[in-house]
Amino acid sequence: MKSLGSLSLRHKLFGVVLLTTLVALIVALGSMVGYDLRSYHRNLLSDMTTQAVLLGRTTVTALAFDDPKVATENLSVLRFRPAVNSAALYNARGALFATYARKDEQRAFPKLPEVDGLRIEDRDLILFRRIVNDGEILGTVYLRADYELFDRVRDYLEISAGVLVAALGVALILALRMQRFVTRPVLAIAEIARDVVSKRDYSRRATKLSSDEVGTLVDSFNDMLAEIDRRTGELEASNAKLAREIEERTRAEHEVLRLNAELEDRVRERTAQLETANRELEAFSYSVSHDLRAPLRSIDGFGQALVDDFPEHLPEEARRYLDRMRTATKHMGQLIEGLLNLARVSRRPLERRPVDLGQIARQVVGDLQQREPDRAVEVSVWDGMLAEGDPQLLHAVLENLVANAWKFTARKDKARVEIGSLKDQGRTTFFVRDNGAGFDMTYADKLFGAFQRLHAASDYSGTGIGLATVQRIVHRHGGRIWAEAEVGKGAVFYFTLVFDGEQAARISQDFKETQG
Amino acid sequence: MEKTILLVEDNPDDEELTLRALRKANIVNEVFVARDGQEALDFMFCTGKHAGREGQAIPGVILLDLKLPKLNGIDVLNRLRSDPRTKLVPVVVLTSSSEDEDMLRSYQSGANSYVRKPVEFPAFAAAVTQLGIYWMLLNESPPKG
């Protein structure tokens, strides 16, 4: 079943017109018929009552004189009232006195009069009325008349039906003609709307046929289409822009990926190059170690051979030159050794173990004292200098620093060397202090460069590689090295290793375990 | 029979200095010189230009340089140690190298001793002298099998 909502506008309009017409007619006809039937009923009642009263008056005499004949004559006047079926008079005792009946009437009269009153019975109106004269009841009038209300109702219904059909027909024809004015513009809009939706063509416009609400609707609809058209345009433009951006981004991503790949290639290439360089460096170190020493040994060896084998042929001067050559050879040998050490320090894997720097320092000092037993140096090594690091490399650090201190205090009367540590906020700084030659702080930044020397070789011998090696070892441990000095008063070398309070406790524990 | 020494050395200077140091130390044992790794093996196994040396005594000590043409010292050492005839011959590695790795590989390959050639001749001469005295006079060669 179609719901009301899905009916077409035209049908709805018809429905409204017809329903309105129908209801209006029904109400109008109903009111008229109701009024007419009520008037008929009332008129009939009052007419019959009057008739009964009149009959009462006219038959008073006949009743008083007990003359039924006159009474019958009196009743016969009723033949001029076709609506009256039958009539009768009863005397005071209630006996039938006179009667009248219309020709077609066959029903019997009531035997006894009833009390005053009216009643409708069997499509007839039945009426009884006392005849009273001077306060005395003389008899009763009985009237029976046609009550045609139902016939009237039937007639009216027939007429109403006819009127309704006719009126509805006219209304339908009118509606058919009129609806075009109302529905056509609306249907046109609907048509265009359907078109727009199915073809997505927002450039269509509805034609304005009237300037009523539908006209306003057309305007609004056209405005809306224009707006949609504009928005769609914008949306398409923005979509296109977005698509372009996505494309660009994708291109950029590809570019990034390509660059990444290139970078990885380059990293691989560089790594390979580095590995090659490392291998070459190792090969270089190796050949330095083997091959650079051999010629030195030859120079030194054959120089010595000259001195040994031809003592009488060599003048004093030649001997001195040979000595200088051999000193230079020795120095060259030390330089090679130093460079190899520096290279080795960078190359070898770092081992981390608990180390007692004090113990190492005492060992280093012992070696120095053994090598130069004539030197009187006051050495003090603090206790509890625990650290974590590569024992061999840290040995090299102290060996270099303490040997430097030893060397640069050579010209002091009371040479002093102190090896200790300072703790500050959980960090430990180790130091090697001497009261030796010191150096000018202006050149402090050159101290740790390879082959950098702050003293003339004639004053203090050395290769200039020791501190560079020390610095590299400290850096490999994640620490820092620096120095403070004053010319003629001494120098202090400080260094840290990555080390904090927690580590200190742990190292101390480890150390006890390894020692125990 | 007097013990002999096989010196495997490619550097003629080092060869002469070594021989001179031995002479100066009055060590008169015969010294054979091989100038590359292959020659050292030929000498030991009586092959190549040393064919026909069969029956002669094997050296009381081999002084072996590591950096040699053709076969290097470690290769020579490995070959000597893998042959039953030379498995027990005392070998002293005498080299310029102080690399830990060389030292380790030498001992792993069965060297009896590792001596670094000092740059200064007096120290070098002292080392060679001590070696000569030790291996020629003090040390007892492994019994012949």
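**Some remarks on the overall build of chain B**
Part 1: The helix and strand inventory of chain B stands at five helices and five strands.
Part 2: Sequence-ordered secondary structure for chain B, helices as α and strands as β, is β-α-β-α-β-α-β-α-β-α.
Part 3: Considering only residue pairs separated by 6 or more positions, chain B has 64% of its internal contacts joining residues 24 or more positions apart.
Part 4: Carbon and sulfur atoms make up 53% of the accessible area of chain B, which amounts to about 7000 Å² in all.

**Thoughts on the interface of chain B and chain A**
Part 1: Contacts between chain B and chain A engage 24 residues on the former and 26 residues on the latter.
Part 2: Carbon and sulfur atoms make up 49% of the area that chain B and chain A hide from each other, which totals about 2100 Å².
Part 3: When residues of chain B are sorted by the area they lose upon contact with chain A, B:Lys67, B:Glu99 and B:Val119 head the list and together hold 30% of the total.
Part 4: On inspection of chain B and its partner chain A, the count reaches five salt bridges.
Part 5: Between B:Arg20 and A:Asp309 there is a salt bridge, with its nearest N and O atoms 2.5 Å apart.
Part 6: Across the chain B-chain A interface, the total number found is eight residue pairs in polar contact (both at pLDDT 80 or more).
Part 7: Secondary-structure elements contributing two or more residues to the side of chain B that touches chain A are helix 1 (12-24), helix 4 (100-108) and helix 5 (121-138) of chain B.
Part 8: The dominant element in the side of chain B that touches chain A, judged by the number of residues it contributes, is helix 1 of chain B, at six residues.
Part 9: Per-class residue counts for the side of chain B that touches chain A are seven nonpolar, five polar and twelve charged.

**What about the packing of aromatic side chains?**
Part 1: Taken as a whole, this structure holds 14 aromatic pairs over all chains when the rule is applied.
Part 2: A connected cluster of aromatic rings, assembled from ring pairs, spans A:Trp382, A:Phe431, A:Trp482 and A:Tyr494.
Part 3: One Lys or Arg, A:Arg297, reaches over the ring of B:Phe124 and ends 5.4 Å from the middle of that ring.
Part 4: A cation over a ring is seen here: A:Arg480 above A:Trp482, with NZ or CZ 4.2 Å from the ring centre.

**Points about the sheet that holds strand 12 (residues 490-496) of chain A**
All names here are of chain A.
Part 1: Ordered by their spatial adjacency, five strands build an open sheet running 7-9-10-12-11, and the pairing between neighbours is mixed. Two strands bound the open sheet, and with one partner strand each, they are strand 7 (377-381) and strand 11 (481-486). The mean inter-strand angle of the sheet, taken between neighbouring strand axes irrespective of direction, is 15°.
Part 2: Strand direction decides the pairing type here: strand 9 (residues 415-424) and strand 10 (residues 427-434), joined by eight bridges, are antiparallel. Bridge pairing in strand 10 links lysine 423 to threonine 428.
Part 3: Packed onto the sheet, helix 7 (residues 357-371) meets strand 7, strand 9, strand 10 and strand 12 and runs at close to 165° relative to strand 7.

**Digging into the nonpolar core**
Residues and elements named next belong to chain A.
Part 1: Within the largest apolar cluster, 41 residues are counted, with the highest numbers of intra-cluster contacts made by Leu357, Leu398, Ile419, Phe493 and Phe495.
Part 2: Residue assignment for this core shows that the elements contributing at least two residues are helix 7, strand 7, helix 8 (391-408), strand 9, strand 10, helix 9 (466-476), strand 11 and strand 12.
Part 3: Among the elements that take part in this core, helix 8 stands out by supplying nine residues, more than any other.
Part 4: Those residues in contact with phenylalanine 495 that sit more than four places away from it in its chain are Leu357, Val397, Leu398, Leu401, Thr428, Thr429, Phe430, Val474, Arg480, Ile481 and Trp482.

**Let's talk about the environment of B:Lys67**
Part 1: For B:Lys67, the location among the structural elements is in the loop between strand 3 (61-64) and helix 3 (73-82).
Part 2: Sequence spacing of B:Lys67 and B:Glu9 is 58 residues, and the spatial spacing of their C-alpha atoms is 8.7 Å.

**Considerations on a nonpolar patch on the surface**
Part 1: A cluster of nonpolar residues, A:Val170, A:Leu174, A:Met178, A:Phe181 and A:Val182, forms a patch on the protein surface that exposes about 520 Å² of accessible area.
Part 2: Tracing the backbone through its elements, the reader meets A:Phe181 in helix 4 (residues 149-199).

**A look at the pattern of salt bridges**
Oppositely charged side chains are able to pair whenever their charged atoms sit close together.
Residue and element names in this part refer to chain A.
Part 1: Within this structure, the stated rule accounts for 39 salt bridges over all chains.
Part 2: Residue aspartate 146 is joined to arginine 102 by a salt bridge in which the shortest nitrogen-to-oxygen separation is 3.3 Å. Note that aspartate 146 is positioned in strand 5 (residues 136-146) and arginine 102 in the loop between strand 2 (96-101) and strand 3 (117-121), a separation of 44 residues in sequence.
Part 3: You can call arginine 102 buried: its relative accessible area is 18%.
Part 4: Ionic pairing is found between arginine 268 and aspartate 265, a salt bridge with its closest N-O pair at 2.7 Å. With arginine 268 and aspartate 265 both in helix 5 (residues 213-309) and three residues apart, the pair spans about one turn of that helix.

**Structural notes on the pairing of strand 3 of chain B**
All names here are of chain B.
Part 1: Residues Val61 and Leu63 line one face of strand 3 and the alternating positions Ile62 and Leu64 line the opposite face, and both faces are buried.
Part 2: As defined by bridge partners, strand 3 adjoins strand 4 (residues 91-95) across three bridges and the pair is classed as parallel. Paired with leucine 64 across the bridge in strand 4 is valine 93.
Part 3: As for the winding sense of the linkage, the β-α-β connection from strand 3 through helix 3 to strand 4 is right-handed.

**A closer look at the side chain of A:Asp195**
Part 1: Positionally, A:Asp195 belongs in helix 4.
Part 2: At 2.3 Å, the side chain of A:Asp195 forms a polar contact with the side chain of A:Arg204.

**Description of the environment of A:Thr271**
Part 1: Within the secondary structure layout, A:Thr271 lies in helix 5.
Part 2: There is a polar contact of 2.5 Å between the side chain of A:Thr271 and the backbone oxygen of A:Val267.

**Comments concerning the side chain of A:His395**
Part 1: Relative to the helices and strands, A:His395 is located in helix 8.
Part 2: If sequence neighbours within four positions are ignored, A:His395 has contacts with A:Ile360, A:Gln363 and A:Val364.

**A look at the confidence of the model for chain B**
Part 1: The predicted model of chain B averages 88 in pLDDT, with 98% of residues at 70 or higher.
Part 2: Reported confidences for the modelled complex are a pTM of 0.50 and an ipTM of 0.81.

**Some details on the environment of A:Tyr202**
Residue and element names in this part refer to chain A.
Part 1: For tyrosine 202, the position within the fold is in the loop between helix 4 and helix 5.
Part 2: Tyrosine 202 has contacts with Val196, Leu225, Ile228, Asp229 and Thr232, leaving out every residue within four places of it along the chain.
Part 3: Side chain to side chain, tyrosine 202 and arginine 200 meet in a polar contact 3.4 Å long.

**Observations concerning the packing of helix 1 (residues 9-58) of chain A against helix 4 of chain A**
Residue and element names in this part refer to chain A.
Part 1: Running from amino to carboxyl end, helix 1 crosses helix 4 at an angle of 155°, the nearest separation of the two axes being 7 Å. When the interaxial angle is binned, helix 1 and helix 4 end up roughly antiparallel. Crossing angle aside, the handedness with which helix 1 passes helix 4 is right-handed.
Part 2: Looking at the contact of helix 1 with helix 4 residue by residue, the class counts come to 26 nonpolar, four polar and three charged.

**Here we look at the packing of helix 6 (residues 316-347) of chain A against helix 9 of chain A**
Residues and elements named next belong to chain A.
Part 1: Relative to each other, helix 6 and helix 9 sit at 5°, their axes nearing to 9 Å. As judged from the angle between their axes, helix 6 and helix 9 are roughly parallel. Residue-level contacts link Gly338, Asn341, Leu342, Val345, Ser346 and Arg347 of helix 6 to Ala468, Thr469, Arg472, Ile473 and Arg476 of helix 9.
Part 2: Looking at the contact of helix 6 with helix 9 residue by residue, the class counts come to four nonpolar, four polar and three charged.

What counts and how
- Residues numbered from 1 in each chain as written.
- Chains lettered and ligands numbered in written order.
- Predicted model: local features only at pLDDT ≥ 70, side-chain atom pairs only at ≥ 80, totals over all residues.
- Heavy atoms only, no water.
- Helix = DSSP H or I, 4+ residues; strand = E, 2+ residues; numbered from the N terminus.
- Contact = heavy atoms within 4.5 Å.
- Areas by Shrake-Rupley, 256 points an atom, 1.4 Å probe, with all protein chains shown as cover.
- Buried area = accessible area lost by both parts, 1.4 Å probe.
- Salt bridge = Lys/Arg side-chain N within 4 Å of Asp/Glu carboxyl O.
- Polar contact = N/O pair within 3.5 Å; in protein donor to acceptor, adjacent residues only side chain to side chain.
- Nonpolar A, V, L, I, M, F, W, Y, C, P; charged D, E, K, R; others polar.
- Phe/Tyr/Trp six-rings, centres within 6.5 Å; stacked < 30°, edge-to-face > 60°.
- Lys NZ or Arg CZ within 6 Å of the ring centre and 35° of its normal.
- Pairing = 2+ DSSP bridges.
- Axes fitted to C-alpha atoms, helices over the stretch in contact; angles between N-to-C directions.
- Core = buried A, V, L, I, M, F, W, Y, C linked by side-chain atoms within 4.5 Å.
- Buried < 20%, exposed > 50% of the residue type's maximum accessible area, 1.4 Å probe, protein only.
- Patch = residues over 30% accessible without salt bridge, like charges linked within 9 Å, V, L, I, M, F, W, Y side chains within 5 Å.
- Right-handed = clockwise from strand over helix to strand, strands pointing away.
- pLDDT = per-residue confidence, 0-100.
- Parallel < 35°, antiparallel > 145°, perpendicular 65-115°, else oblique.
- Left-handed = near helix turned anticlockwise from the far one by under 90°.

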